[in-house]
Amino acid sequence: MGGGSWATAIAKMAMSGGRHINWYMRRPEQIQQIQETGFNPSYLSSVRFDVKRIKFYSDINRAIRYSDVLVFAMPSPFLKAHLAKVKVNLSEKYIITAIKGIVPDENMIVTDYFQKYYDVSIYNMGVIAGPCHAEEVALERLSYLTIASHNKALSNWFANRISSPFLKTYIGTDVRGMEYASVLKNVYAIASGICHGLKYGDNFQAILVSNSIREMSRFVDEVAPDKERNIGDAAYLGDLLVTAYSKFSRNRMFGTMIGKGYSVKSSQLEMEMIAEGYYGTKCIHEINENYNVDMPILEACYNILYERIAPNIEINVLTEKLN
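As the structure is a prediction and not an experimental result, all values here were calculated from the model.

Colleague: Before we move on, can you summarise the packing of helix α9 (residues 202–223) against helix α14 (residues 296–305) with the specific residues and values?
Modeller: Where α9 contacts α14, the axes come no closer than 8 Å and their chain directions differ by 105°. In terms of their interaxial angle, α9 and α14 are classed as roughly perpendicular. Only P296, I297 and L298 of α14 make contact with α9, whose side of the interface consists of L208, N211, S212, E215 and R218. Among the residues forming the contact of α9 with α14, the class breakdown is 4 nonpolar, 2 polar and 2 charged.

Quick look at the structure:
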């Protein structure tokens, strides 16, 4: 469900071993181009697809009607608009969310949103957590993903479905914790990019990221307690590291542009991709008003992105709060 880079990467994973998929994307012209060329012209254009093994849909209701498992891989700001068109009963479907963001205006993680508004049981849902960049999946570089669900049969089935010689999978149950961590790692990647744009070096980046994982742990433990959670696992620390440091990270790229003096709007236009962390920063800031967790890095990002405080001033203040 989606036509961007992450959706394209998941489509590649799901077709491993000669399997077939249904693929929904909003624009019929994008579908036509893939059917004619075998490549997604806009995202991960090096990945070749056997279009004979794909049934394409630009009608979301038909795509849902003819599918048992729905993998949502669209940017979080667009989810509500897509779902507003849905007339098919989603409660009878299995839903895997690969969305690394919170539903704007609702301030809800995706599984909570499906539960509240579409009556989907938590046992019918799962989440995909990193560390994994779509670009490296396209290059078939060895990658790892965690599939979390309270339904072990679902998580095991999906993990086996996408596994391949270049993709290994773990199984977990911390659905809500991994969702919140996936949002926060994008926020911290923006912070990392801002500092990179301001020409802070690797020594400071190490301090920033080590503080980020502790900040993430404080927040996630408060909003989604789980005694078995290990914040050092790949789905948390690993995903944070790859998003904060990788050249493929759009959130780090967005932050770097902000640090170099670009405005938010010009950075978004220049990238032509969604930096989920921009929206996640505001959502987590508003959610945290109910919890009051100490989150100086998140607040620094919020002040820069939404209060328009100069990055050099705000980060200089932040440096006195880190240890």
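Resuming the write-up.
Colleague: Give me the lowdown on the environment of D221, citing residues and values where you can.
Modeller: Mapping D221 onto the fold places it in helix α9. Once the C-alpha coordinates of D221 and G177 are considered, the two residues, 44 residues apart in sequence, prove to be 7.8 Å apart. Here the side chain of D221 touches R229 through a polar contact of 2.8 Å, side chain to side chain.

Colleague: Explain the nonpolar core residue by residue, including any values.
Modeller: One finds F72, Y180, F219 and I284 to be the most contacted residues of the largest nonpolar core, which totals 75 residues. It is helix α8 (residues 175–197) that provides the largest number of residues to this core, a total of 12 residues. Not counting residues within four places of it along the chain, the set of residues in contact with F219 comprises Y180, L184, I284, I287, N288, V293 and M295.

Colleague: Residues and numbers for the packing of aromatic side chains, please.
Modeller: Throughout the structure, instances matching the rule amount to 15 aromatic pairs. Seen in terms of ring centroids, Y113 and Y118 are 6.2 Å apart; in terms of plane orientation they differ by 55°. Their pairing is tilted. A residue is classified by how much of its surface remains accessible, and Y113, at 5% relative accessible area, is buried. For the ring pair Y278 and Y306, a centre distance of 4.9 Å and an interplane angle of 15° mean the geometry is stacked. Of this pair, Y278 sits in helix α13 (residues 276–288) while Y306 sits in the loop between α14 and α15 (311–319); the two residues are 28 residues apart in sequence, bridging distant segments of the chain. Residue Y278 is classed as buried on the basis of its relative accessible area of 15%. An aromatic cluster is present here, built from F72, Y113, F114, Y117 and Y118 joined pairwise through their rings.

Criteria and thresholds
Residues numbered from 1 in each chain as written. Predicted model: local features only at pLDDT ≥ 70, side-chain atom pairs only at ≥ 80, totals over all residues. Heavy atoms only, no water. Axes fitted to C-alpha atoms, helices over the stretch in contact; angles between N-to-C directions. Helix = DSSP H or I, 4+ residues; strand = E, 2+ residues; numbered from the N terminus. Parallel < 35°, antiparallel > 145°, perpendicular 65-115°, else oblique. Contact = heavy atoms within 4.5 Å. Nonpolar A, V, L, I, M, F, W, Y, C, P; charged D, E, K, R; others polar. Polar contact = N/O pair within 3.5 Å; in protein donor to acceptor, adjacent residues only side chain to side chain. Core = buried A, V, L, I, M, F, W, Y, C linked by side-chain atoms within 4.5 Å. Buried < 20%, exposed > 50% of the residue type's maximum accessible area, 1.4 Å probe, protein only. Phe/Tyr/Trp six-rings, centres within 6.5 Å; stacked < 30°, edge-to-face > 60°.

No statement about biological role is implied by the geometric values presented.
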